[in-house]
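Next come the chains, spelled out residue by residue.
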Amino acid sequence: MAGVPLPTAVVGSYSMPGWLERAKNDYLRRRITAHDLDEMHDAAVKAAIKDQEVAGIDVVSDGELRRDNMIDYFALRLPGVEIDRGTKASYYDFYDSAVRARMPMAPLGLVEHFRFLRRFTDHRTKVSITGPHSLVKRIRNEYYPGEEEFALEVSRIMNLDLRELVRAGAEEIQIDEPYYSGFPGDLAWGVRAINTLVEGVDARLSLHVCYGNRYGKPSWEGSYRYLFPAVLDARIHQLTLEFARRGADDLRLFKQFDPPFTLGLGVVDVKAHDVEPPAVVAERIRQALAVLPPERLAINPDCGLLHLPRDVAFAKLAAMVEGTRLVRKDLGA
């Protein structure tokens, strides 16, 4: 990435304000209008952008605060997905959704929210999307022969919006695939779906894989060894992984396989409320620098910050930035 060494970024989501949680639930119960909720989303996104800027983050997102969860934002937009709106009691629940016929090619309308982000920051920006593997694990398939065929169709449809995002000025696009860790046997076709998704998309592409962050808790445990060597075929520029909570053992995989992409290094644990001192962050970065040169590292939290209180999320980002600055100073940058 051009610019400063060890660029800092968020994974995607930022702390969800309690008042916005209540508003989302009020909207589900038809107590407020979509217009009212949209105004609240705008205010929350502006605040999330400002927090990231003040914390010193190099690459900012909109905090994903318009999304109820990582599935429904896309399920509601994917053409041909049938949603049972009566199946969701709380905003963070998943809708019961299904595909019962071939999905038509149609836009999802992701560009509007990206343009809002660009309007309110001069920083480099990133858009995160949920990947096809994770989507087909949550949307019931009642038409396609199997999950791979379903995922490839989802990829072809979403590819249109990714290209449109690039035309609108998107420079960095992240694909979130936490379900890889729960279904490692799917990885071969999961990578094929990623490559279909990003065909002709002229942006810096990253793939984020974690062990889940549902309600601030991991969904699975294990090692990232299962990703290799299959992930080497993914047409991406960066693989973004969690290390703060899990430790640095899997850094050896980047030495063993020498992948052609950079590493997005998770250095703060989003599943704990304790704020890491900058010196701890710096030490985690130095451990990675023993394996990879600085030009092949980017710095980020383990996962999204959705489930942390805002003061904790902000403090963790500020500590991450300060720890990164300590290492940059070591490097003479």
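Residues numbered from 1 in each chain as written. Predicted model: local features only at pLDDT ≥ 70, side-chain atom pairs only at ≥ 80, totals over all residues. Heavy atoms only, no water.

Engineer: What am I meant to see in the overall build of the protein here?
Structural biologist: A tally of helices and strands in the protein yields 10 helices and 11 strands. Out of the 333 residues in the protein, the part that is buried amounts to 55%. Excluding contacts between residues fewer than 6 apart, the proportion of contacts in the protein whose partners are at least 24 apart in sequence is 76%. By element, 49% of the accessible surface of the protein is carried by carbon and sulfur atoms, the whole surface being about 13700 Å². Computing the positive centroid from 44 side-chain charges and the negative centroid from 48, the protein places the two 0 Å apart. (Helix = DSSP H or I, 4+ residues; strand = E, 2+ residues; numbered from the N terminus. Buried < 20%, exposed > 50% of the residue type's maximum accessible area, 1.4 Å probe, protein only. Contact = heavy atoms within 4.5 Å. Areas by Shrake-Rupley, 256 points an atom, 1.4 Å probe, with all protein chains shown as cover. Lys, Arg positive; Asp, Glu negative; His and termini not counted. Charge placed at Lys NZ, Arg CZ, Asp CG, Glu CD.)

Engineer: What is the right way to look at the pattern of salt bridges in this model?
Structural biologist: Pairs can form between side chains of opposite charge whenever their charged atoms are close. The final tally for this structure, using the stated rule, is 29 salt bridges. A salt bridge links Glu-82 to Arg-100; its shortest N-O distance comes to 2.4 Å. Separated by 18 residues along the polypeptide, Glu-82 in strand S2 (residues 81-84) and Arg-100 in the loop between strand S3 (96-99) and helix H4 (111-119) bring together distant segments of the chain. For Glu-82, a relative accessible area of 41% gives the class partly exposed. Overall, the relative accessible area of 39% leaves Arg-100 in the partly exposed class. Linking Arg-140 and Asp-96 is a salt bridge whose minimum nitrogen-to-oxygen distance equals 2.8 Å. Within this pair, whereas Arg-140 is found in strand S6 (residues 140-141), its partner Asp-96 is found in strand S3, the two being separated by 44 residues in sequence. (Salt bridge = Lys/Arg side-chain N within 4 Å of Asp/Glu carboxyl O.)

Engineer: I keep staring at the nonpolar core and nothing clicks. Help me out?
Structural biologist: Side chains that are nonpolar tend, in soluble globular proteins, to be buried together. Core analysis: the biggest nonpolar cluster contains 101 residues, and Leu-78, Leu-227, Leu-239 and Leu-265 have the highest contact counts within it. Considering every element that reaches this core, the biggest residue donor is helix H6 (residues 147-167), with 8 residues. What Leu-239 contacts, discounting residues up to four positions off in sequence, is Leu-207, Val-209, Leu-227, Phe-228, Val-231, Phe-254, Phe-261, Thr-262, Leu-263 and Gly-264. (Core = buried A, V, L, I, M, F, W, Y, C linked by side-chain atoms within 4.5 Å.)

Engineer: Looking at this structure, I do not really get the sheet that holds S2. What am I missing?
Structural biologist: As a general point, the strands of a sheet are linked pairwise by backbone hydrogen bonds and lie either parallel or antiparallel. The strand order S2-S3-S6 describes an open sheet built from 3 strands, whose pairing is mixed. Edge strands, defined here as strands with exactly one partner in the open sheet, are S2 and S6. For S3 and S6, the ladder comprises 2 bridges, and the chain directions are parallel. Paired with Ala-98 across the bridge in S6 is Arg-140. (Pairing = 2+ DSSP bridges.)

Engineer: Help me understand the packing of helix H9 (residues 278-289) against helix H10 (residues 310-330), please; the structure alone is not making it clear to me.
Structural biologist: Helix-helix packing: each pair is described by the crossing angle between the helix axes and the interaxial distance. In contact at an axis separation of 7 Å, H9 and H10 are set at 55° when each is read in the N-to-C sense. Here H9 lies oblique to H10, going by the angle between them. The chirality of how H9 crosses H10 is right-handed. Two secondary-structure elements touch here, H9 through Pro-278, Ala-279, Val-281, Ala-282, Ile-285, Arg-286 and Leu-289 and H10 through Ala-319, Met-320, Glu-322, Gly-323, Thr-324, Leu-326, Val-327 and Asp-330. Per-class residue counts for the contact of H9 with H10 are 10 nonpolar, 2 polar and 3 charged. (Axes fitted to C-alpha atoms, helices over the stretch in contact; angles between N-to-C directions. Parallel < 35°, antiparallel > 145°, perpendicular 65-115°, else oblique. Left-handed = near helix turned anticlockwise from the far one by under 90°. Nonpolar A, V, L, I, M, F, W, Y, C, P; charged D, E, K, R; others polar.)

Engineer: In this structure, what is going on with the pairing of S3? I would like to understand it.
Structural biologist: Strand residues, when the strand is regular, have side chains that alternate between the two faces of the sheet. Both S2 and S3 contribute to a ladder of 4 bridges, which runs antiparallel. Paired with Val-81 across the two strands is Val-99, which belongs to S3.

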